[in-house]
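# Structure at a glance
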Amino acid sequence: CSGFSCDYNQRNGFKKESFILSVDVGTTSIRCHVYDKEAKIRGSCTSKVVALYPEVGHVEMDPEALWKSFITVVKGAVQDAGVQMRQIEALGISTQRGTFTTWDRKTGVPFHNFISWQDQRAADLVKSWNRSCTMKGIHGVMKMLYFLTRQKRLLAASLIVFSTQHVTFRLVWVRQAVAEGNCCFGTIDTWLLFKLTKGVHATDYSNASSTGIFDSYQMCWSGFLCSLVSLPLSIFPKVENTSHDFGSTDPSIFGVPIPIMSCGDCIWMADQQAAMFGECCFDVGDVKITMGTGTFMDINTGSKPHTSVTGLYPLVGWKIGPEVVYLAEGNAADTGKAIKWAQELELFSDVRETSAMAYSVSDSDGVCFVPSFSGLQAPLNDPKACASLMGLKPSTTKSHLVRAILESVAFRNKQLFETMLRETHIPITKIRVDGGVSSNDFIMQLTADLFGRKVARPQHHEMSCLGAAFVAGLGVGFWRTREELKKLQSTGEVFLPKDAHKEGAGCQNREYIHTFQSWERALRRSMNWYSKP
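The model shown is predicted, which means the values in this text are computed figures rather than measured ones. (Residues numbered from 1 in each chain as written. Predicted model: local features only at pLDDT ≥ 70, side-chain atom pairs only at ≥ 80, totals over all residues. Heavy atoms only, no water.)

### Regarding the overall build of the chain
Stated precisely, the cut-off is as follows: The helix and strand labels rest on DSSP assignments: H or I over at least four residues marks a helix, E over at least two residues marks a strand, and numbering proceeds from the N terminus. By definition in these notes, contact holds between two residues if any of their heavy atoms fall within 4.5 Å. Shrake-Rupley sampling with a 1.4 Å probe provides the accessible areas, and residues are treated as covered by the protein chains on show and by no other component.
When helices and strands are tallied, the chain shows 19 helices and 22 strands. Sequence separation of at least 24 residues holds for 73% of the intrachain contacts in the chain that already meet a minimum separation of 6. A total accessible area of about 21800 Å² is found for the chain, and carbon and sulfur atoms account for 53% of it.

Structural data, given as structure tokens:
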């Protein structure tokens, strides 16, 4: 990844071992790993991401603090590996999606903090637009066009609603900065590239398609959506293929110039798409579930974007050369956050205790937990839902509460999975799970039971980082083919449904039917809570 090539080493009579460097900019932390040829981690460095809460419902991050942490973990991981920067052959970057800022095009100074994907400040604006005459008119026209053409894409457009997780209305919220005329918009990947190159304003397809402003069918920013909310196309970054050459980083940053996107030397991807690549979900029907701060369930839909009518989102998975791979995604925003909240309430001291606590009781004693600190996403799509605990009794213990919280994670998995099956009609080929919460055996086993399918968990949970490394490594020939990547893949444990002989039939675990129905009632009672007086 440095300005020195393998030829340089060979001309001097020796060949040094080379490595891939990969950074994952997540919601709670920034991680950097140095990978060797066998995809083993040789060095690491981690830094916390500090979320800011200036007002109720507002979630922000300091752009300069994030930039400093990025530089720190890159240098720290290389030092931890005991290697030199010129031994790094490629740099991969995966970033959280939907978190953005705007900045001065000339000075590079941000107009405001990063506004997080979890931010709810646009909830009232979203609700107002979803109820507006404009949206009703759009829905009516699209229904008529669907009736005439029977194109499913038009049916989806007739049902489209905005969400606070889409960048669109959170960006409208900062329209004053946009109106100043000298404004750049960017998600975290765009900001990092701008800083690394001192001025390049660009992004990739996977991040662009996650904003809610990008047309995944036409593969460009949506002029219609931009005009609808009065945003100029000029503020958006160029969307480039991974083979585009942006030059090199400023040598003062890492001591040597690092090529950016030159023949794939530096690749960045949105985190969930990177996790799909890290899990080697290259085939149609492959499913990946990442359970971290939130849960993100993705299915490979092949060369065409999926048209959803219940809230699944069509994404560009990756575009490498002429190949475009699409995903359909559903998510639940408050997975790890719910578990962290329970820990802060001292329901347990160590997260590793939670699985044993849940198994120590036969059920949750009728307690239901609704994990909606950030509202509810697909298939319910209610930003005004509240988190809640229902069914508390004098007999309720900490173990019952912990079990109810863990059950809620698996129940949301079940909701998303059934929506995906119902919507896509794509036969499932495999299911792989990653993310910190996937280390919980109780959640994993219950998820397998509720799906009625085999679920595999890798040895290492940080698939976003590995996926970015895989793409970067393929770009420079560090790894040659995707089949080679599959051979490097390691499965830590496989969870089979209790009715293992029926695996693949999608049979439900009957033991949980009543509990799941009670939880769904609790879910409905939590909906639309914050719109009440």
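Further notes follow.
### Some thoughts on the environment of valine 351
Looking at the element boundaries, valine 351 is found in the loop between α13 (336-344) and α14 (354-359). Ignoring sequence-local partners within four residues, the contact set of valine 351 consists of Ile339 and Gln343.

### Focus on the pattern of salt bridges
Cut-off, in case you're wondering: Salt bridges are defined as contacts in which a side-chain nitrogen from Lys or Arg sits within 4 Å of a carboxyl oxygen from Asp or Glu. Each residue gets one of three labels from its accessible area relative to the maximum for its type: buried under 20%, exposed over 50%, partly exposed in between, using a 1.4 Å probe on protein chains only.
Across all of its chains, the model carries 20 salt bridges by this definition. One salt bridge in this structure joins arginine 97 and aspartate 271, with 3.6 Å as the shortest N-O distance. Remark: aspartate 271 occurs in helix α12 (residues 271-278) and arginine 97 occurs in the loop between β5 (88-95) and β6 (100-104); sequence separation between them is 174 residues. Residue arginine 97 is classed as buried on the basis of its relative accessible area, which comes to 10%. Overall, the relative accessible area of 12% leaves aspartate 271 in the buried class. Salt bridges linked by common partners bring Glu17, Asp36 and Arg42 together as one network.

### Observations regarding the pairing of β6
The criterion, for reference: Paired strands, in this sense, are two strands between which DSSP finds at least two bridges.
β6 sits mainly inside the fold: 5 of its 5 residues count as buried. Direction of pairing for β6 relative to strand β8 (residues 183-187): antiparallel, over a ladder of 5 bridges. When the bridges of β8 are listed, threonine 102 appears paired with phenylalanine 185.

### A short note on the confidence of the model for the chain
Inclusion rule: For every residue, the predictor states its confidence as a pLDDT score lying anywhere from 0 to 100.
Chain-level statistics for the chain give a pLDDT mean of 86 and a share of 89% at 70 or above. Element-level pLDDT for the chain is lowest in helix α1 (residues 6-11), with a mean of 34, against a maximum mean of 98 in strand β18 (residues 368-370). Of the regions scoring below 50 in pLDDT, residues 1-14 engages in 22 contacts with residues more than four places distant in sequence or in other chains. Here residues 503-507 scores under 50 on pLDDT; set against residues more than four positions off or in separate chains, the count is 16 contacts.

### Observations regarding the packing of aromatic side chains
Here is the rule we go by: To pair, rings of Phe, Tyr and Trp, with the six-membered ring standing in for Trp, must have centres within 6.5 Å; the planes then decide the type, stacked if under 30 degrees apart, edge-to-face if over 60, and tilted in the middle. Counted as over-ring charges are cases with an Arg CZ or a Lys NZ within 6 Å of the ring centre that also lie within 35 degrees of the ring normal.
Taken as a whole, this structure holds 24 aromatic pairs when the rule is applied. Taking 5.4 Å as the distance between ring centres and 70° as the angle between the ring planes, the aromatic pair formed by tryptophan 103 and tryptophan 191 counts as edge-to-face. Remark: tryptophan 191 occurs in helix α8 (residues 188-197) and tryptophan 103 occurs in strand β6; sequence separation between them is 88 residues. Here tryptophan 103 and tryptophan 191 have matching classes, each one buried. A ring pair is formed by phenylalanine 214 and tryptophan 221, whose centres lie 5.6 Å apart and whose planes are at 90°; its orientation type is edge-to-face. For the pair phenylalanine 214 and tryptophan 221, a shared accessibility class is recorded, and that class is buried. In this structure an aromatic cluster arises from ring pairing among Phe100, Phe185, Tyr205, Phe214, Trp221 and Phe236. In this structure, lysine 37 is placed above the aromatic ring of phenylalanine 478, and the distance from its NZ or CZ to the ring centre is 4.6 Å. Here lysine 414 stacks its cationic end above the ring of phenylalanine 516, 5.2 Å away from the centre of that ring.

### Considering the environment of lysine 487
Checked against the element boundaries, lysine 487 lands in helix α18 (residues 482-488). It is 9.4 Å that separates the C-alpha atoms of lysine 487 and glutamate 38, two residues lying 449 residues apart in sequence.

### A look at the packing of α12 against helix α17 (residues 463-476)
Put simply, the test is: In this description, a line fitted to the C-alpha atoms serves as the axis of each element, helices being fitted only across the stretch in contact, and the angle between N-to-C directions of two axes falls anywhere from 0 to 180 degrees. Angle categories: roughly parallel below 35 degrees, roughly antiparallel above 145, roughly perpendicular from 65 to 115, and oblique for all the rest.
At their nearest, the axes of α12 and α17 sit 6 Å apart, and the two run at 75° to each other. If you check the angle between α12 and α17, you find them roughly perpendicular. Each of Asp271, Ala274, Ala275, Phe277 and Gly278 in α12 lies in contact with α17, whose residues at this interface are Met463, Ser464, Leu466, Gly467, Ala468, Phe470, Val471 and Leu474.

### Topic: the state of the cysteines
What counts is decided by this rule: Cysteine sulfur atoms are paired as a disulfide whenever they fall within 2.5 Å.
Going through the model one piece at a time under the given rule, you end up with 0 disulfides. Of all cysteine sulfurs, the one in cysteine 280 lies closest to cysteine 281, which takes part in no disulfide; the gap is 7.7 Å.

### Looking at helix α16 (residues 441-451)
Rule in force here: Contacts described as polar in this section are N or O atom pairs within 3.5 Å, which, within protein, must combine one atom able to donate a hydrogen with one able to accept it, while residues neighboring in sequence count only if both atoms come from side chains.
Of all 11 residues that make up α16, 10 are buried, and the element is covered over most of its length. Three or more residues of α16 are buried, namely Phe442, Ile443, Met444, Gln445, Leu446, Thr447, Ala448, Asp449, Leu450 and Phe451. Capping the start of α16, asparagine 440 holds a side-chain oxygen 3.1 Å from the backbone nitrogen of phenylalanine 442, two or three residues further along. Positive backbone phi, at 70°, marks glycine 452, one or two positions downstream of α16.

### Here's the deal with unusual backbone geometry
A negative phi angle is the norm for most residues apart from glycine, just as the trans form is the norm for most peptide bonds. A cis amide bond links alanine 378 with the next residue in sequence, proline 379, at an omega value of 5°. Note on placement: proline 379 falls in the loop between β18 and β19 (388-390). Non-glycine residue lysine 198 carries a positive phi angle of around 55°. The exposed category is assigned to lysine 198, whose relative accessible area is 58%. In the Ramachandran plot, histidine 425 falls in the positive-phi region, its phi being about 55° despite a non-glycine side chain. Tracing the backbone through its elements, the reader meets histidine 425 in the loop between α15 (398-424) and β20 (430-434). Judged by its relative accessible area of 65%, histidine 425 is exposed.

### As for the side chain of histidine 400
Mapped onto the elements of the fold, histidine 400 is located in helix α15. A polar atom in the side chain of histidine 400 sits 3.0 Å from the side chain of threonine 397. With residues up to four places along the chain from it excluded, the contact list for histidine 400 reads Val361, Asp363, Ser364, Asp365 and Ser395.

### A word on the side chain of arginine 97
Within the structure, the side chain of arginine 97 is placed 3.3 Å from the side chain of glutamine 273, a separation counted as a polar contact. Setting aside anything within four residues of it in sequence, one finds arginine 97 in contact with Trp117, Asn207, Ser210, Ala270, Asp271, Gln272, Gln273, Phe296, Leu315 and Glu329.

### Remarks on the nonpolar core
Put simply, the rule is: The nonpolar core is taken to be a set of buried Ala, Val, Leu, Ile, Met, Phe, Trp, Tyr and Cys residues, with the residues joined through side-chain atoms within 4.5 Å.
Judged by nonpolar contacts, the single largest core of 51 residues is most densely connected at Val287, Ile289, Met291, Met297 and Ile431. Not counting residues within four places of it along the chain, the set of residues in contact with methionine 297 comprises Val287, Lys288, Ile289, Ala328, Glu329, Gly330, Asn413, Leu416, Phe417, Met420 and Phe451. In this structure, Ile93, Ile188, Leu193 and Ile253 belong to the second largest nonpolar core, which totals 39 residues.

### Observations regarding the packing of helix α2 (residues 63-81) against α8
Any two packed helices are characterised by how steeply their axes cross, that is the angle between the axes, and by the distance between the axes. Rules: Crossing handedness is defined as follows: a turn of the near helix away from the far one that is anticlockwise and smaller than a right angle gives a left-handed crossing, while the clockwise case is right-handed. When residues are grouped by polarity, Ala, Val, Leu, Ile, Met, Phe, Trp, Tyr, Cys and Pro land in nonpolar, Asp, Glu, Lys and Arg in charged, and all others, Gly among them, in polar.
In contact at an axis separation of 11 Å, α2 and α8 are set at 70° when each is read in the N-to-C sense. The orientation of α2 with respect to α8, classified from their angle, is roughly perpendicular. By crossing handedness, the relation of α2 to α8 is classed as right-handed. Note on element contacts: α8 touches α2 through Ile188, Trp191, Leu192, Lys195 and Leu196, opposite Pro63, Glu64, Leu66, Trp67 and Phe70. When the residues that make up the contact of α2 with α8 are grouped by side-chain class, the tally is 8 nonpolar, no polar and 2 charged.

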